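Here is how the chains run, residue by residue.
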Amino acid sequence: MVDWVLVELRGSIDTLVIERKAAFLLSDGTVTDDLVNNKVTFNAHPGYPYYIALRARNHIDLLSQNLVNLPNSLLDLSNPNQVMGGLSQLVSMGNGYYTLPTGDGDANGINSVA
C-alpha cells in the first residue's frame, strides 16, 4: 500500500455522489478496499449504471468516461479512453502509462507531474 483514495459512485443523470468509500492505492496502481481480493465493493444497487470518480489527495480528481454497471470486473482509469476528458485529464509517464496530474499545491497556476 502506497496511499489511500476515495472512490465514489455518482448518479447517471446528475453525477451526484451516491456512495463513497475509502480505499487503498497499491504500488501497481490497483485500488482496493479488500487486500485479499483486490477490489472495491459498494452497497449500491448492482446492475444500475454509475459514473465512478477517483479522488486522491494532492491530485486532480478523475471521472469515468462512461457509465459503469456494477459489479464490474475492471475499470482502468489510467486508460485515457476510460476517463472523462481523455488525455487532457492524465499525465503521460511514457511507454503507454498514464497517471493522475498533481494539484496546484503552491497556487502558481501550474499543475506538475506526480
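We now turn to the structure provided with this report. Every value quoted in this text rests on a predicted model; they were computed, and no experiment measured them. (Residues numbered from 1 in each chain as written. Predicted model: local features only at pLDDT ≥ 70, side-chain atom pairs only at ≥ 80, totals over all residues. Heavy atoms only, no water.)

## Focus: the pattern of salt bridges
Spelled out, the test is: In the sections that follow, a salt bridge refers to a side-chain nitrogen of Lys or Arg positioned within 4 Å of a carboxyl oxygen of Asp or Glu. Relative accessible area decides the class of each residue, using a 1.4 Å probe on protein chains only: under 20% of the type maximum gives buried, over 50% gives exposed, and in between gives partly exposed.
Within the structure shown, the criterion is met by six salt bridges. Between R10 and E8 there is a salt bridge; the shortest N-O distance is 2.6 Å. Residue R10 shares its accessibility class with E8, and that shared class is buried. Taking the shortest distance from any N to any O, the salt bridge between R55 and D61 comes out at 2.9 Å. Looking at D61, the relative accessible area reads 34%, which means it is partly exposed.

## Overview of the side chain of R10
We count it as follows: Every helix listed is a DSSP run of H or I at least four residues long, and every strand listed is a run of E at least two residues long, numbered separately from the N terminus. Whenever two N or O atoms come within 3.5 Å, that pair is a polar contact, provided that in protein one can donate a hydrogen and the other can accept it, and provided that, for residues adjacent in sequence, both atoms are side-chain atoms. Any two residues whose heavy atoms approach within 4.5 Å are treated as being in contact.
Along the chain, R10 falls in strand β1 (residues 3-10). Within the structure, the side chain of R10 is placed 2.6 Å from the side chain of E8, a separation counted as a polar contact. Setting aside residues no more than four positions away along its own chain, R10 makes contact with T15, L16, V17, I18, Y50, Y51, A53, R55 and L63.

## Some words on the pairing of strand β4 (residues 49-56)
What counts, and what does not: Strands were regarded as paired on the criterion that DSSP finds at least two bridges between them.
Taking burial as the measure, the eight residues of β4 include six buried ones, the bulk of the element. As defined by bridge partners, β1 adjoins β4 across six bridges and the pair is classed as antiparallel. The residue bridging L9 from the neighbouring strand is I52, located in β4. For β4 and strand β6 (residues 68-69), the ladder comprises two bridges, and the chain directions are antiparallel. Counterpart to Y50 in the pairing with β6 is V68. Alignment of β4 against strand β5 (residues 62-63), held across two bridges, turns out to be antiparallel. By the bridge assignment, A53 is partnered in β5 with L63.

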